[in-house]
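Structure at a glance
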Amino acid sequence: MKTKFYKNCDAAELTEVAEILKNGGLVAIPTETVYGLAANAYNGEAVSKVYEAKGRPTDNPMIVHISKLEEIYPLVTDFPEKARALAEAYWPGPLTMILPKSDLVPRQVAPRLETVAVRMPSHPIARKIIELAGVPLAAPSANSSGSPSPTTAQHVLNDLDGKIDAIVDGGECDVGIESTVITLATEVPRLLRPGGITLSQLEDVLGQVDVDPAVLSELKEGVAPASPGMKYKHYSPKAEVYIVEGSIESFRFLIDSEKQEGDMALCFNGEEKDISVECLSFGDEKDINAQAHLLFAQLRRFDELGAKRVFVRAPSNEGVGLGVYNRLLRAAAFKVISPPAIYGLTGQTGAGKSTVGKMLSEKGYLIVDGDVAARAIVEKGSPVLCELAEAFGSDIIDENGELIRPMLAKKAFANEEERQKLNSITHPAVTEWSIDYIKENLNESHKGVIIDAAAIFDSEIRKYCSKMIVVTAPEEERLARILQRDSLTKEAAMLRIKAQKDEQYYKERADIIVRNYPPYDLSQELELL
Ligand code: TXA
Ligand code: MG
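Since the structure is predicted, the reported quantities are computational estimates derived from the model, not experimental observations. (Residues numbered from 1 in each chain as written. Chains lettered and ligands numbered in written order. Predicted model: local features only at pLDDT ≥ 70, side-chain atom pairs only at ≥ 80, totals over all residues. Heavy atoms only, no water.)

As for the overall build of the chain
Test applied: What counts as a helix is a DSSP run of H or I of at least four residues, what counts as a strand is a run of E of at least two, and both are numbered from the N terminus. Computation of the radius of gyration draws on C-alpha atoms, with the globule rule given as 2.2 Å multiplied by the number of residues to the power 0.38. Buried means the residue's accessible area, taken with a 1.4 Å probe over protein chains only, is under 20% of the maximum for its type, while exposed means over 50%, and partly exposed covers the values in between. Should any heavy atoms of two residues lie within 4.5 Å, those residues are considered in contact. Using the Shrake-Rupley algorithm and a 1.4 Å probe, accessible areas are obtained, with residue cover drawn only from the displayed protein chains. Neither His nor the chain ends contribute to the count of charged residues, in which Lys and Arg are positive and Asp and Glu negative. A single reference atom marks each charge: NZ on Lys, CZ on Arg, CG on Asp, CD on Glu.
Secondary structure assignment for the chain yields 18 helices and 21 strands. For the chain, the C-alpha radius of gyration of 31 Å lies well beyond 24 Å, the compact-globule estimate for 529 residues. Residue burial in the chain is summarised as follows: out of 529 residues, 53% are buried. Counting only contacts in the chain whose residues sit at least 6 apart along the sequence, the fraction spanning at least 24 positions is 68%. Carbon and sulfur atoms make up 48% of the accessible area of the chain, which totals about 24,200 Å². Charge centroids of the chain, computed over 60 positive and 79 negative side chains, lie 1 Å from each other.

Structural notes on the layout of surface pockets
What counts is decided by this rule: As defined here, a cavity is a set of points on a 1 Å grid over the protein atoms alone where a 1.4 Å probe fits but cannot get out. A pocket is an open set with protein on both sides within 12 Å along at least five of seven lines, and residues line them when an atom is within 4 Å of a point. Grid points are joined across faces, edges and corners, and a volume is the space filled by probe spheres set on the points. As a working rule, the residues Ala, Val, Leu, Ile, Met, Phe, Trp, Tyr, Cys and Pro are called nonpolar, Asp, Glu, Lys and Arg charged, and the rest polar, with Gly in that last group.
Quantified by volume, the largest pocket comes out at close to 1,800 Å³. Asp-371, Ala-374, Ala-453, Ala-454 and Ala-455 are, among the 49 residues lining the largest pocket, the residues nearest its centre. Of all elements in the fold, only helix 10 (353–362), helix 11 (370–376), helix 13 (405–412), helix 14 (416–441), helix 15 (475–485), helix 16 (490–499) and helix 17 (503–508) reach the threshold of two or more residues within the lining of the largest pocket. By residue number, the principal contributor to the lining of the largest pocket is helix 14, which donates 8 residues. Of the residues assigned to the lining of the largest pocket, the class counts are 22 nonpolar, 16 polar and 11 charged.

Comments concerning the nonpolar core
Soluble globular proteins: nonpolar side chains tend toward being buried together. Note the following rule: Nine residue types can take part in a nonpolar core, namely buried Ala, Val, Leu, Ile, Met, Phe, Trp, Tyr and Cys, and a core is a set of them joined through side-chain atoms within 4.5 Å.
Among the nonpolar cores identified, the biggest contains 48 residues, and Leu-37, Leu-86, Trp-91, Met-97 and Ile-164 are the most heavily contacted of them. Considering every element that reaches this core, the biggest residue donor is helix 2 (residues 44–54), with 5 residues. Ignoring sequence-local partners within four residues, the contact set of Leu-86 consists of Trp-91, Leu-95, Met-97, Ile-182, Leu-184, Leu-202, Val-205 and Leu-206. One finds Phe-268, Phe-282, Ile-288 and Val-310 within the second-largest nonpolar core, a separate group that totals 29 residues.

A closer look at the sheet that holds strand 19 (residues 448–452)
Basically, it comes down to this: Two strands pair if DSSP finds at least two bridges between them. To obtain each axis, a line is fitted to C-alpha atoms, and for helices this fit is confined to the stretch in contact; angles are then taken between N-to-C directions over 0 to 180 degrees.
The strand order across the open sheet built from 5 strands is 18-19-17-20-21, with neighbouring strands paired in parallel fashion. Edge positions in the sheet fall to strand 18 (365–369) and strand 21 (512–515), since each has one partner strand and no second. Neighbouring strand axes in the sheet, compared pairwise and without regard to direction, differ in orientation by 25 degrees on average. Two strands pair when backbone bridges link them, and strand 20 (residues 467–472) and strand 21 are joined in this way by 4 bridges, in the parallel orientation. Its bridge partner being in strand 21, Ile-469 is matched across the sheet by Ile-512.

Description of unusual backbone geometry
Look at the link from Trp-91 to Pro-92: it is a cis peptide, with omega at -5 degrees. By the secondary structure assignment, Pro-92 is in the loop between helix 3 (81–90) and strand 5 (95–100). A cis amide bond, omega 5 degrees, links Pro-518 with the succeeding residue Pro-519. Considering the arrangement of structural elements, one finds Pro-519 in the loop between strand 21 and helix 18 (522–525).

Examining the side chain of Ser-281
Heads up, the condition is: Two N or O atoms count as a polar contact when they lie within 3.5 Å, although within protein this holds only if one can serve as hydrogen donor and the other as acceptor, and sequence-adjacent residues are included solely when both atoms are side-chain atoms.
Structurally, Ser-281 can be placed in strand 14 (residues 278–281). Within polar-contact distance, the side chain of Ser-281 engages the side chain of Glu-272 at 3.1 Å. Ignoring any residue separated from it by four or fewer positions in sequence, one finds Ser-281 in contact with Leu-266, Cys-267, Phe-268, Asn-269, Glu-272, Leu-294 and Gln-298.

Things to note about the sheet that holds strand 16 (residues 336–337)
In spatial order, the strands read 14-13-15-12-16; together these 5 strands make up an open sheet with parallel pairing. Both edges of this open sheet fall to strand 14 and strand 16, since each of them pairs with a single strand only. In the sheet, strand 12 (residues 240–244) pairs with strand 16 via 2 bridges, with the strands oriented parallel. Following the sheet pairing, Ile-243 is matched in strand 16 by Val-336.

Here we look at the environment of Ala-414
Along the polypeptide, Ala-414 turns up in the loop between helix 13 and helix 14. The spatial distance from the C-alpha of Ala-414 to the C-alpha of Asn-158 is 60 Å, given a sequence separation of 256 residues.

Looking at the pairing of strand 12
Among the 5 residues of strand 12, 4 are classified as buried, and the element is accordingly described as predominantly covered. Sheet topology places strand 12 next to strand 15 (residues 309–313); 5 bridges connect them, and they run parallel. The partner of Val-241 across the bridge, within strand 15, is Val-310.

Quick notes on helix 1 (residues 11–22)
Helical periodicity: at 3.6 residues per turn, an α-helix aligns residues three or four positions apart in one direction. Defined as follows: To estimate how far a helix should extend, the number of its residues minus one is multiplied by 1.5 Å. Comment: arc refers to directions from the helix axis out to C-beta atoms.
Along its 12 residues, helix 1 runs 16 Å from first to last C-alpha, staying within 8% of the 16 Å computed at 1.5 Å per residue. Among the residues of helix 1, those classed as buried are Glu-13, Leu-14, Val-17, Ala-18, Ile-20 and Leu-21. Down the axis of helix 1, the smallest arc covering the buried residues is 155 degrees, so these residues share one side. Of the residues in helix 1, the exposed ones pointing more than 90 degrees away from the buried face are Ala-11 and Ala-12.

Concerning the domain arrangement of the chain
For interface size, the figure often reported is the accessible area lost on association. Our working rule: Note: domain ranges come from an automatic or database domain assignment. Throughout, buried area stands for the accessible area (probe radius 1.4 Å) lost by two parts on being put together, summed over both. For salt bridges, the criterion is a side-chain nitrogen of Lys or Arg within 4 Å of an Asp or Glu carboxyl oxygen.
Along its sequence, the chain is organised into domain 1 (4–213), domain 2 (240–337) and domain 3 (342–525). One C-alpha centre belongs to domain 2, the other to domain 3; they are set 33 Å apart. When the buried area of domain 2 at its contact with domain 3 is split by residue, Glu-249, Phe-253 and Asp-256 rank highest and sum to 62% of it. Seen at the junction of domain 2 and domain 3, the total is 1 salt bridge. In this structure, Lys-463 and Asp-256 form a salt bridge, with 3.9 Å as the shortest nitrogen-oxygen distance. Across the domain 2-domain 3 interface, the total number found is 3 residue pairs in polar contact (both at pLDDT 80 or more). When the residues that make up the side of domain 2 that touches domain 3 are grouped by side-chain class, the tally is 1 nonpolar, 3 polar and 4 charged.

Considering helix 3
Those residues of helix 3 that sit buried are Ala-83, Leu-86, Ala-87 and Tyr-90. One side of helix 3 holds all its buried residues, which, seen down the axis, span an arc of 100 degrees. Opposite the buried face of helix 3, by more than 90 degrees, sit the exposed residues Glu-81 and Glu-88. On its buried side, helix 3 packs onto strand 5, strand 9 (180–183) and helix 6 (199–206).

Structural notes on the pattern of salt bridges
Enumeration over the complete set of coordinates arrives at 26 salt bridges. A salt bridge links Glu-32 to Arg-119; its shortest N-O distance comes to 2.8 Å. Remark: Arg-119 occurs in strand 6 (residues 115–119) and Glu-32 occurs in the loop between strand 2 (27–29) and strand 3 (36–40); sequence separation between them is 87 residues. For the salt bridge of Glu-416 with Arg-419, the shortest nitrogen-to-oxygen distance reads 3.2 Å. With a gap of 3 residues between them, Glu-416 and Arg-419 both fall in helix 14, about one helical turn apart. For Glu-416, a relative accessible area of 42% corresponds to the partly exposed category. Judged by relative accessible area, Arg-419 falls into the partly exposed class, the value being 28%. Bridged by salt links that share partners, the residues Glu-271, Glu-285 and Arg-313 form one connected network.

Below, the structure written as structure tokens:
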């Protein structure tokens, strides 16, 4: 069949579209949520064709779309006060109500059910088409069953070209995820699918509203879902999707530590540049409406880009976010990952960074020792040592093949350019070593990871640290500790202290300041960790 494409949406076109529907044809129409694949709801045969075109399981009922309130009365046997109140508050709009079904509704609309789902969309084109057709329209989302719902006419065309009579192009859908579905056929109204009308908006009108367990968790095998659509893997691109909880820093760590060919990421606006795989974004972190608007379009783009795995920054599940989170959970087949929280630990020499590291280790953190990493990467025969010899001359290596540190320091700290050359060789290696160390040593019992490194603010690894812990102590205190610890003259110790950045530098970059000197109590200082 040749699928007609309407993009003017003028009276002549919409009248033609309405004719197709009256004659039992299938037309994809824009709504404010997602595109719907519409058929005359009173024509059982037309409705059957919708299942076929979508490849939809035939036990998954459809929503009937109306344009005026009076159109609901023939569809239901009861229109309770609660439904009336909801209609008054939120219709037309992204809300679907489930009510007792009348005999006029063909069985194909809601196979084997005593109820029918009804919604009055707010999209002017959808409303006009229903009006012109003169009948309510049964319409599921206009995608191939299982793939992300379509939010543009192009998405529909990609999925259903040649399988349906026509597509009406009304531009991008505003909301971007499907309507909220609530059943009023239970004693306490129950939210079955979160969407553009939020749980608290429903509670404002209804008082108590139960949330179906299937909204946020996987159905147990053999349990019949309240809404048949909930049992199917949904909204899914071809790639494996993973939801990643936690900070952007932990997200970067996860991507870098798990990286495989075909990995891509979905993150919030502005986070793309520091992600080491191809990355799409879906709105600002706080802009839940933008996330809803963009989610499905971006999931579809990952298919076009050939993604094999997609890691997604977890959105908030508040308000409309509950709908976004619910769709993502299904796209991910409930795979949610929580990578470790990673904090940097640093401070001026003698401040007591190692003491703090030990205490945090006792508190359950895995400690990555930056000094150990720096030594490990330049071991005799290591690739980094070879690279350094190439860059700075083979006289940085002694006759046993060991690095002569003072020699390297002399050359590398000669000027800024040399210093950067050193960093560009050692930093990626330290990062890689640390990733491997964390992967080998982290277990369930750890609270998080601490990266203990003097130069953490200049390091590459700071991109994984969501917080910086800075240990401080006054200069005379630090001097005394250095003298006690290392066999140095006072002058040498002072030189070492003065060679470092001042305390202000560290404090400005700190998220948590730990005061390691009297009268402060170190365990109290670390209480919040
Ligand atoms: O925003 C929307 O609701 C879009 C646009 C096109 O209106 N439509 C949509 O339809 O998302 P669909 O078929 O993709 O999702 C309808 C959901 C399914 O999960 C289905 O199982 C559930 O509503 N549903 C429909 N009738 C039901 C009923 N009588 N009882 C329980 N759940 C029902
Ligand atoms: Mg659907």
